[in-house]
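Take a look at the letters that make up each chain.
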Amino acid sequence: MSCIFCKIASGEIKSSLVAENGDFVAFDDINPVAPCHVLVIPKRHMNSMSELSDLSGDALSSLFALIDTIAVEKGVKASGFRVVSNQGRDGGQEVEHLHFHVVGGRKMGKIG
Ligand code: 5GP
Ligand code: ZN
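Undergrad: Tell me what's going on with the nonpolar core, and back it up with residues and numbers.
TA: Counting residues in each nonpolar core, the largest one holds 20 residues, and the members touching the most others are Val-40, Leu-52 and Ile-70. Those elements that place two or more of their residues in this core are β1 (17–20), β2 (24–28), β3 (36–42), α2 (57–73) and β5 (100–104). Per-element tally for this core: the top contributor is α2, with six residues. Ignoring any residue separated from it by four or fewer positions in sequence, one finds Ile-70 in contact with Val-18, Ala-19, Ala-26, Val-38, Val-40 and Val-102. Counting residues in hydrophobic clusters, the runner-up holds eight residues, among them Phe-5, Ile-8, Phe-27 and Ile-41.

Undergrad: Describe the packing of aromatic side chains, naming the residues involved and giving the relevant values.
TA: For the structure on display, the rule yields one aromatic pair. Judged by centre distance (5.6 Å) and plane angle (80 degrees), the rings of Phe-5 and Phe-27 are edge-to-face. Note that Phe-5 is positioned in helix α1 (residues 4–10) and Phe-27 in strand β2, a separation of 22 residues in sequence.

Undergrad: With reference to specific residues and values, describe the sheet that holds β2.
TA: The five strands lie next to each other as β1-β2-β3-β5-β4, forming an open sheet whose pairing is antiparallel. On the outer flanks of this sheet lie β1 and β4 (81–84), each paired with one strand and no other. The mean inter-strand angle of the sheet, taken between neighbouring strand axes irrespective of direction, is 20 degrees. Sheet topology places β3 next to β5; five bridges connect them, and they run antiparallel. Among the inter-strand pairings, Leu-39 is bridged to a residue of β5, identified as His-101.

Undergrad: Help me get a handle on the pattern of salt bridges, residues and values and all.
TA: When charged atoms on two side chains of opposite charge get close, those side chains can pair. A complete count under the given rule lists four salt bridges for this structure. Between Lys-77 and Asp-68 there is a salt bridge, with the nearest N and O atoms lying 3.0 Å from each other. What makes Lys-77 partly exposed here is its relative accessible area of 45%. A residue is classified by how much of its surface remains accessible, and Asp-68, at 33% relative accessible area, is partly exposed. Among the ionic pairs, Asp-90 bridges to Arg-89, the shortest N-O distance being 3.7 Å. What makes Asp-90 exposed here is its relative accessible area of 75%. Taking the relative accessible area as the measure of exposure, Arg-89 reaches 75% and is therefore exposed.

Undergrad: Please provide a residue-by-residue account of the coordination of the zinc ion (ligand 2), values included.
TA: Distances from the zinc ion (ligand 2) to its protein donors, Cys-3 (SG), Cys-6 (SG), His-45 (ND1) and His-97 (ND1), fall at 2.0 to 2.3 Å. The sequence motif formed by the donor residues of the zinc ion (ligand 2) is C-x2-C-x38-H-x51-H. One end of the pair, Cys-3, is in the segment before α1; the other, His-97, is in the loop between α3 (88–91) and β5, with 94 residues separating them in the sequence. Residues Cys-3 and His-97 agree in their burial class; the two are buried.

The rules behind these values
Residues numbered from 1 in each chain as written. Chains lettered and ligands numbered in written order. Predicted model: local features only at pLDDT ≥ 70, side-chain atom pairs only at ≥ 80, totals over all residues. Heavy atoms only, no water. Core = buried A, V, L, I, M, F, W, Y, C linked by side-chain atoms within 4.5 Å. Buried < 20%, exposed > 50% of the residue type's maximum accessible area, 1.4 Å probe, protein only. Helix = DSSP H or I, 4+ residues; strand = E, 2+ residues; numbered from the N terminus. Contact = heavy atoms within 4.5 Å. Phe/Tyr/Trp six-rings, centres within 6.5 Å; stacked < 30°, edge-to-face > 60°. Pairing = 2+ DSSP bridges. Axes fitted to C-alpha atoms, helices over the stretch in contact; angles between N-to-C directions. Salt bridge = Lys/Arg side-chain N within 4 Å of Asp/Glu carboxyl O. Donors = N, O, S within 2.8 Å, 3.2 Å for Na, K, Ca; no water.

In structure tokens:
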């Protein structure tokens, strides 16, 4: 197993844990682009967002509940934040374990 995020999910590589539930874990990005920059990953390895459709409705709903918890923990729920998942080469995905960036604490530029 060479996937760095699998190693973070298993605790083999240390990270700054922000929150977790049964299926997902959230930790601070090592190279933050904003005061709040958290990565949310499924504990089980998957490469792309399309594989999320294998999960139960409860697991999917827990993903959004976790994002809400992160926003509260990081103090950005009221000010707002952005959730981004870079997919594949053109999307700029560097780590091939599905992840969502939760970014906030400063004003974001417009996308597109
Ligand atoms: P991507 O470019 O694939 O959307 O995002 C990968 C993110 O993972 C980057 O923001 C990068 O800073 C972060 N990252 C890469 N390696 C590590 C690591 O070992 N620990 C943590 N906490 N973040 C990492
Ligand atoms: Zn992985």
